[in-house]
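# Structural description and commentary
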Amino acid sequence: MADQATADRVTLTINGREVSVPAGTLLVDAAATVNIEIPIFCSHPKLDPVGCCRMCMVEVETPRGPRLMTACTTPVQPNMVVHTDTEQVRSVQEANLAFILANHPLDCPICDKGGECPLQDQTLRFGPGISLLVEPKRHKQKHYLLSDTIVLDQERCILCWRCIRYLEEWEDKPQIQLFERGADTVIDVQDGQVLDAKTSGNIIDICPVGALTNRVARFSYRPWQVEHTPSICDHCSLGCNLRMDSRTHRLRRIVGRENMQVNDQWICDKGRFAHAWVNHPERLREPLLRKNGELVPVPWREALEFVAEALQRIAQEAGPQAVGAIGSPKLSNESNYALQRLFRGVIGTNNVDHRDGGDVAALPTGLPALAHVMKPQYGPDPKVDTVFLFGLDPSEELPLLDVHLKRAVRRAGMKLIIAHPRRIELTRYQGPYLGYEPGTEVALLNGLARAVLEAGAPLPRQAQAHADRLREWVADADEAMMADLCRVDPAAVQEAARLLAESENALILYGPMVARGKQGPDVRQALINLALLTGHEEGLAYLGLEANSQGCRDVGLLPDRLPGHVPLEDAQAVQRLERLWQCKLPTEPGLTYSQMLDQAGGGVRALYVMGADPASERPSWAENLEQLELLVVQDLFLTETARRAHVVLPAVSWAEQEGTFTNLERRVQRAPRAVRDPHTKAAPDWMILDHLAMHLDVDWPFADERGITAEISRAAPIYQGLDWDALGDQGRQWDASLARPKLAFGPARQRAVPADPERPFVLVTGTVLYDGGALVSLTEELQQFAFGSKAVLHPQDAQRLGIDEGEAITVASPEGSLALTATLQEQVKPGTIWIPESLPGAPVGALLNGVYPVRVNVAKSGA
Amino acid sequence: MLTQSMREEIQALMARYPEGRQRSAILPALYVIQREFGYCPVEAQKELAEMLGIEPAEVGGVVTFYNMLHEEPKGEYHIEVCTNVPCMLRGAGKCMHHLEERLGIRHGEKTPDGAFALDHMECLGSCGSAPMAMVTEQSTGRIRYFEELDSPEDVDKFLALLKSGKAFQTLERWTPDGDPELEGVSAGPYRYGGMEPRYLMARVGKPGGHRLESYEADGGYQTARRVLHEMTPQEVIDQVKASGIRGRGGAGFPTGVKWGFIPKDVFPRYLVVNADESEPGTFKDRIIMEYDPHQLIEGIILSAFAIQAERAFIYIRGEYYFGYTRLTEAIQEAEAKGYLGQNIFGTDKNLQIVVHRGAGAYECGEETAQLTSLEGYRGHPRLKPPFPAVEGLYGKPTIVNNVESIANVTHVMRHGVEWYRQFGTEQSPGMRIFCLSGNVKRPGIYELPHGVTLRELIYDYGGGPEQDDAPIKAIVPGGLSMKILTADQIDTPLDYESIQAAGSLLGSAGVIVIDEAHSMVQVARRTLNFYREESCGKCTPCREGTAWLEEILERIEAGQGRLKDLELMEYLAANITGKSFCPFGDAAVWGLQSNLAKFRQEFTEWIQRTNPEQAGPEIPIRPIYRPDVERPSGLRESALEPRGEPIELHDHEIPANEVPAPNNPVQDIPASKKR
């Protein structure tokens, strides 16, 4: 007999076997540790126990004889004696399955779940074998749309509440509920409402029967016929782990894959449903070369010879500085690494960048770790107690971070501080909200620093020496400035400052929205001051929003940084790379993304654009691109930029080539090839670049993507050891201490905010999940969710201007004007207008000119 | 859609609940909406969701859970006839039939002019004055009971009164005999009696007895004043524990012991008075609330003091509208006197009582389901442990006690433990209100000490069998959930132990007498109708099993039964009881199980008579499922093998006819198939 359970472990007996598990473990999980299977439906390791399906009844010995209990709701007790295989238990399991199956339609042959269905499996193992029912079956609604992406079959539903609980416990949007009662009970959405929670598709993954099916994938696969490829999502910088199921060269569906360090087991709806573009007929299938003004298909050799010849000629005639390359944070480390190596090493220019690359004042190391904000069901409490979101909207930009934050707020009491010009969705949780006037970011941050200093709490040791200087720098950011300039409640500023100062472990997160342009460095400095002042410098992080925003920086796709965040001036590093790459590297810093595009057709005469579409971003850039001597576009589709190109090189998507992506917490993760289309001439990015290098008379040593992965781990010291095999299925984080800069106090100056009575509105942009990009627009099921060409105003402003919901309006800045549809929302700050980026046919870039903030005029169209 | 005045009314209702718990106001708010629109329009539900800060689906889920909330308009007068077993035994079927004939509609329908809608209803707590109908006056949301509608003439009078517009001059119950002039006057309390003197019902029938002056004149509130000034909460708990009061709701758990489970130093605590009296055959709490509400309020003051709660909720079933108005008035009177509110009786104690109306769900009588309902959700039971005394309403320690239990507290504290224990037996002390219904001459409620025999109750007070030529066949001793006793068990004393020894439970002391003129098959069928209707649907065995049993019983009744159905029913029942989430599963099948065991002969005879060939139903042909194919399947598309790893960019041409056609051409998105 084992000793009595220690404080945190409990020993019990299940089917005569002694089991020792942590206290609080549920019987069902305790049995699983010794491979005893207890059938379950409602129980789910990620959801709170509910005990409604009654499938997991086991016998527990009590002083009054054996008692039936549900194993999914009963925590282990010391010396408990449990039986899961008695006659009684077996007959209860049979009877319960008879109840569950009584009105089940048994339409397994045409059910998507067939073959991977717990109900089938449990029936096989625990079921009665025959049916006693002679009554007619109950009929309910079949193939019923909960949304455009999720189909409900109420007859197959066994009312396990998993979907309801997911939406309640994780999404905090209980949009699915039980309706009616007793035998008539069904799950449903409210009449006239649609299920639009941004991670709603997860309920498909956890449905234990075929009640909830994926409308995008429906009837197009049998689970045993598809190939499973463990991969990651390429939509945002969180890097959710997922699994791609493919067959006959087609990506059939995407499901979530567990990674307890990143996404638990959830993925967002964009990641799940928006994959029609991978196998889309509009994909480019062969190289195109402009002949007589027309893009015509040509063989690869001809296209690449043309590009190589033109690049060499222009670099010779006008110098390498006249050539530039734009990569993409949507593409892998390997693709971007190869691009910058080609242009640095072969052409000899540092004009290599990507969108939100050299143009934003970033910090190199990202989030300390996602696990620090996760609150898994049976895991440690999150380390982080406070999160300050500055210019970020996780609900739209990083949906799984949104889920983690909500869970941490609701279950672990984490505090949220939100500074955003728009009342983003997360503001529904209690916590200071700083709805500042766009353009006053630095003042606001200085105001926070001032409030911390004024509160008089003891400062961290390293801050004490600088307190006086800092006090001077932020002296003007007083309550009056908060109220008058930033238009925020000074009390909320004080509350936020108090929370940050009191926090043991806070994260201060900022995004590209506040880090772009001329004010970016000042915002970064103000954030550094605030973080140092409150002792959270390790929690200060810039979050890029694209799947490989972090990786692009890591592999040196920046005009002023070499792979591994190494400055160009670091002679030792330059030497090392020159040896590795067998070339001479340029030393002058290159042009940033926006500089290259601004100067395209001027100082920049040739551009190589890989996976980016600047022409659709700003009309002025589209014009500039047309002035180029050479524009090469390497992409999946004939984008606006590709239409203006001299050469279009067809690439394949992330699902069709191997690669690694680095997420916002520096986790390098593998994305293996899941599908391969034998009918296309399109090729992986690296292969195109490799062949181009060959035409430029350089022989690269790569046999495949993994060769590049291996070279990155040599070229970038921070990636040391992170080759393909080492990464495994769950990825590995690189060590932040290898690249963390020494943060120092410094003055941050608020620029004058321009006033313009002619243009009374300030423009706010940002990202929405369902934008007008190809990923969303080519998935027909997502069209209803798409944001559309809309501008959002506060109802008060709209009323003043006589603008109604849905009315056509014109928004004009000195740069240009846009025709949009008006939408009214209280969440938008009065005096501002919100136009997200990359809306269909309405590039908000038309109103921007690199100036921030941009003031605009709003009028009814035709008025 | 919601007008300003409705919003204000709803906000006032929201303010009755603790800060941050405004969702609790969902049922009262939906009553406001239903009163204004005649039903709960989806748009109004959405606006209410906004006011309460919840998702519209959560409101929709609540609306569809509760019987009294409608998704489409009912008539101006919504007539609902109780046809549950106690009423059925006394001719509810005929009453319904007359109504259908007179109104020219079937139940479930509405007259073309929209004046009347007719429906079946489950037990309304009028078993002693059956058959009866409940009428809801749409425009005001008021509800009145019309009872003893025995004959077609009675039904005519009832309808004439409704049409005359005088039917809602008062809300007290109406009977044809009590109002020969058809002026709509009330009939007074229904039949009551029992021992002399009575305590719990001492003041029933007293003119103005529901008023505070009358109650005080009889010595009311003196006990509360004395206890609050002179005793400590622990002393009250000790005394209640010593008295041995056992819960009158059904389970019979000792009240004082329950109070003792409250964890120390956790505040706030809540007292919830379970007035969701819905067990068929039970109508005792109703009379206390209607005719002596101050007795209950004094009990609440004492109980709340004992458990140190500053808020008490009376969860009263929605159908008890008259009781609700009487309680509301009584609370106002007590507040005006300073007996409720801040510093009651001049002490430092505070107590606020909120009367919360349910909306038609038997399951909400189960204590955890009641708390869930009170919090503003669908009335599903919750996991135990934690028990409500530890983690109940709003996650705080909560005591849920039945109305009659609380009323007993008043008398224990007034007269003392010794006095109380002189009544009843050692294990079942005190007096009890027994509800007598079914086939007896004088159905009604009788206050008697525990231990009185069934025979005394049925013959001495109930006057014996209803018809002299139809002897008593079966007796349900504790509400419809309890196992049925046979006529030869009539000498069983009515106390917890004796009834348990006889193979049943005392439950809520609702005694239903069934005579030889009625078929046990019918009783079983109607019983399962009720449990199928009222199952909350949370757990599998109860949700699926009650519906399955109902179908079998209806088939047997319709002459399609097979003898092997009896074993099938026993199998199903055995796998519901003890396997379901809450005691509802047991309650649903105990009656059937005992019925099948004790009156099997009746079932066998019925089946052999109606279906001599034993021609059982054939297994119905399963419906052919046709998937709603909105797009061609990709499954059949040809699978060309990949042509090996492309070692370099390949330029070979692929003949056009080999390039597969895209299988997902962009189509118009089909219109959503929403209702």
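## Considerations on the overall build of chain B
Assigned secondary structure in chain B consists of 24 helices and 14 strands. Radius of gyration (C-alpha) of chain B: 28 Å, near the 26 Å computed for a compact globule of 675 residues. Within chain B, the fraction of its 675 residues that count as buried is 62%. Put simply, 70% of the contacts in chain B that link residues at least 6 apart link residues at least 24 apart. Of the charged side chains in chain B, 71 are positive and 97 negative, and the gap between their average positions amounts to 2 Å.

## Observations concerning the sheet that holds strand β5 (residues 81-83) of chain A
Residue and element names in this part refer to chain A. Read across the sheet, five strands follow the order β2-β1-β5-β3-β4 without closing on themselves; strand pairing throughout is mixed. Each edge of the open sheet carries a strand with a single partner, namely β2 (17-22) and β4 (65-70). Across the sheet, the mean angle separating the axes of adjacent strands is 35° when strand polarity is ignored. Pairing geometry for strand β1 (residues 9-14) and β2, over six bridges, is antiparallel. What sits directly across from Val 10, in β2, is Val 21. Of the strands in this sheet, β3 (57-62), β4 and β5 are in contact with helix α2 (residues 87-102), which crosses β3 at around 150°.

## A short note on unusual backbone geometry
Residues and elements named next belong to chain B. That bond from Ala 130 to Pro 131 is cis: its omega, -10°, falls within 30 degrees of zero. Residue position: Pro 131 is located in the loop between β2 (116-121) and β3 (133-137). Positioned with a positive phi, Tyr 394 is a non-glycine residue whose angle comes to about 55°. Relative to the assigned elements, Tyr 394 resides in the loop between α15 (367-374) and β9 (398-402).

## As for the packing of aromatic side chains
Any two aromatic rings considered together are summarised by their centre-to-centre distance and by the angle between their planes. Taken as a whole, this structure holds 41 aromatic pairs over all chains when the rule is applied. Ring centres of Tyr 339 of chain B and Phe 345 of chain B lie 4.7 Å apart, and the angle between their planes is 20°; on these two criteria the pair is classed as stacked. Judged by its relative accessible area of 8%, Phe 345 of chain B falls in the buried class. Taken together, the ring pairs in this structure connect Tyr 77, Phe 116, Phe 146, Phe 158, Phe 168 and Trp 174 of chain B into an aromatic cluster. Residue placement shows Arg 181 of chain A over the ring face of Phe 65 of chain B; its charged tip is 5.7 Å from the ring centre. Lying over the aromatic face of Trp 834 of chain A, Arg 422 of chain A brings its terminal NZ or CZ to 3.6 Å of the ring centre.

## A closer look at the environment of Arg 269 of chain B
All names here are of chain B. On the secondary structure map, Arg 269 appears in the loop between α11 (255-260) and β6 (270-275). In the structure, Arg 269 is positioned 102 residues away from Ala 167 in sequence and 42 Å away in space, judged by C-alpha atoms. Those residues in contact with Arg 269, other than ones at most four positions away along the chain, are Ile 262, Pro 263, Lys 264, Ile 307, Gln 308, Ala 309, Glu 310, Arg 311 and Pro 397. Here the side chain of Arg 269 touches Pro 263 through a polar contact of 3.0 Å, landing on its backbone oxygen. Engagement of the side chain of Arg 269 in a polar contact is seen with the backbone oxygen of Ile 307, the distance being 3.1 Å.

## With respect to a nonpolar patch on the surface
Taken together, Phe 253, Val 257 and Phe 261 of chain B make up a surface patch of nonpolar side chains, about 260 Å² in accessible area. Taking the relative accessible area as the measure of exposure, Phe 261 of chain B reaches 45% and is therefore partly exposed.

## A closer look at the side chain of Gln 175 of chain A
Residue placement: Gln 175 of chain A occurs in the loop between α4 (162-171) and β8 (176-179). A polar side-chain atom of Gln 175 of chain A sits 2.7 Å from a polar atom in the side chain of Asp 196 of chain A. Here Gln 175 of chain A is in contact with Leu 167, Asp 188, Val 189, Gln 190, Val 194, Leu 195, Asp 196 and Ala 197 of chain A together with Glu 55 and Ala 57 of chain B, once residues within four sequence places are set aside.

## Some remarks on the sheet that holds strand β20 (residues 433-434) of chain A
Residues and elements named next belong to chain A. Read across the open sheet, the five strands follow the order β20-β19-β18-β21-β22; overall the sheet is parallel. Of all the strands in the sheet, the pair left with one neighbour each is β20 and β22 (540-542). In this structure, strand β19 (residues 415-419) lies alongside β20, joined through two bridges in parallel fashion. Residue pairing for β20: Ala 419 is matched across the bridge by Leu 434. The sheet contacts of helix α11 (residues 441-455) involve β18 (386-390), β19 and β20, and relative to β18 the element is tilted by about 155°.

## Regarding helix α18 (residues 454-461) of chain B
Since the α-helix advances by 3.6 residues per turn, residues separated by three or four positions end up pointing in the same direction. All names here are of chain B. Three or more residues of α18 are buried, namely Leu 454, Leu 457 and Ile 458. One side of α18 holds all its buried residues, which, seen down the axis, span an arc of 85°. Where the residues of α18 are buried, they touch β10 (431-438), β11 (444-449), β12 (472-476), β13 (485-486) and β14 (510-515). After α18 finishes, the residue Gly 463 shows a positive phi value of roughly 80°.

## Details of the pattern of salt bridges
What the rule picks out here adds up to 104 salt bridges over all chains. Across the pair Glu 837 of chain A and Arg 355 of chain A runs a salt bridge whose closest N-O atoms are separated by 3.4 Å. Note that Glu 837 of chain A is positioned in the loop between β35 (832-834) and β36 (855-860) and Arg 355 of chain A in the loop between β17 (352-353) and β18, a separation of 482 residues in sequence. Classification of Glu 837 of chain A by relative accessible area gives buried; the value is 13%. Using a relative accessible area of 25% as the deciding quantity, one classes Arg 355 of chain A as partly exposed. Salt-bridge contacts for Asp 491 of chain B lead to Arg 455 of chain B; the nearest nitrogen and oxygen are separated by 2.7 Å. Placement of Asp 491 of chain B in the loop between β13 and α19 (496-501) and of Arg 455 of chain B in helix α18 is noted, with a sequence separation of 36 residues between them. According to the relative accessible area criterion, Asp 491 of chain B is partly exposed, its value standing at 45%. Each of Asp 107, Lys 142, Asp 153, Glu 155 and Arg 156 of chain A takes part in one network of salt bridges that share partners.

## Some thoughts on the confidence of the model for chain A
Per-residue confidence for chain A gives a mean pLDDT of 94, with 98% of residues at or over 70. A low-confidence stretch, residues 1-5 of chain A stays under pLDDT 50, and its non-local contacts, those more than four residues away or across chains, total seven contacts.

## Describing the pairing of β3 of chain A
Residues and elements named next belong to chain A. Pairing of β3 with β4 involves six bridges; the strand directions are antiparallel. For Met 57, the partnering residue across the bridge sits in β4 and is Thr 70. Counting the residues between successive antiparallel strands, the hairpin from β3 to β4 contains two residues. The sheet contact formed by β3 and β5 spans two bridges and is antiparallel. If you follow Glu 59 over to β5, its bridge partner there is His 83.

## With respect to the confidence of the model for chain B
Residue and element names in this part refer to chain B. Counting all residues, the mean pLDDT for chain B is 92, and 91% of those residues have values of 70 or more. Per-residue pLDDT stays below 50 along residues 621-627; that stretch engages in twelve contacts with residues further than four places along the chain or on separate chains. This stretch, residues 659-675, has a pLDDT under 50; its non-local contacts, to residues over four places away or in other chains, come to 37 contacts. The complex model carries a pTM of 0.94, and its ipTM stands at 0.92.

## Considerations on the packing of α11 of chain A against helix α17 (residues 520-534) of chain A
Residues and elements named next belong to chain A. Packing of α11 against α17 brings their axes to within 9 Å, and their N-to-C directions diverge by 15°. Classified by the angle between their axes, α11 and α17 sit roughly parallel to one another. Judged by the sense of rotation from one axis to the other, the crossing of α11 with α17 is left-handed. Residue-level inspection shows Glu 441, Val 442, Leu 445, Asn 446, Leu 448, Ala 449, Val 452 and Leu 453 of α11 in contact with α17, the latter providing Asp 522, Val 523, Ala 526, Leu 527, Leu 530, Leu 533 and Thr 534. A class-by-class count of the residues in the contact of α11 with α17 yields eleven nonpolar, two polar and two charged.

## Some remarks on the nonpolar core
Grouped together as the largest cluster of nonpolar side chains are 186 residues, with contacts concentrated most on Ile 176, Ile 187, Leu 212, Phe 343, Val 387 and Tyr 608 of chain A. By residue number, the principal contributor to this core is helix α7 (residues 300-318) of chain A, which donates nine residues. Apart from residues lying up to four places away in sequence, Phe 343 of chain A is in contact with Leu 311, Val 323, Gly 324, Ala 325, Gly 348, Thr 349, Val 352 and Tyr 608 of chain A. Counting residues in each nonpolar core, the second largest holds 169 residues, with Cys 40, Val 59, Leu 171 and Tyr 420 of chain B among its members.

Conventions used here
Residues numbered from 1 in each chain as written. Chains lettered and ligands numbered in written order. Predicted model: local features only at pLDDT ≥ 70, side-chain atom pairs only at ≥ 80, totals over all residues. Heavy atoms only, no water. Helix = DSSP H or I, 4+ residues; strand = E, 2+ residues; numbered from the N terminus. Rg over C-alpha atoms; globule rule 2.2 N^0.38 Å. Buried < 20%, exposed > 50% of the residue type's maximum accessible area, 1.4 Å probe, protein only. Contact = heavy atoms within 4.5 Å. Lys, Arg positive; Asp, Glu negative; His and termini not counted. Charge placed at Lys NZ, Arg CZ, Asp CG, Glu CD. Pairing = 2+ DSSP bridges. Axes fitted to C-alpha atoms, helices over the stretch in contact; angles between N-to-C directions. Phe/Tyr/Trp six-rings, centres within 6.5 Å; stacked < 30°, edge-to-face > 60°. Lys NZ or Arg CZ within 6 Å of the ring centre and 35° of its normal. Polar contact = N/O pair within 3.5 Å; in protein donor to acceptor, adjacent residues only side chain to side chain. Patch = residues over 30% accessible without salt bridge, like charges linked within 9 Å, V, L, I, M, F, W, Y side chains within 5 Å. Areas by Shrake-Rupley, 256 points an atom, 1.4 Å probe, with all protein chains shown as cover. Salt bridge = Lys/Arg side-chain N within 4 Å of Asp/Glu carboxyl O. Arc of directions from axis to C-beta. pLDDT = per-residue confidence, 0-100. Parallel < 35°, antiparallel > 145°, perpendicular 65-115°, else oblique. Left-handed = near helix turned anticlockwise from the far one by under 90°. Nonpolar A, V, L, I, M, F, W, Y, C, P; charged D, E, K, R; others polar. Core = buried A, V, L, I, M, F, W, Y, C linked by side-chain atoms within 4.5 Å.

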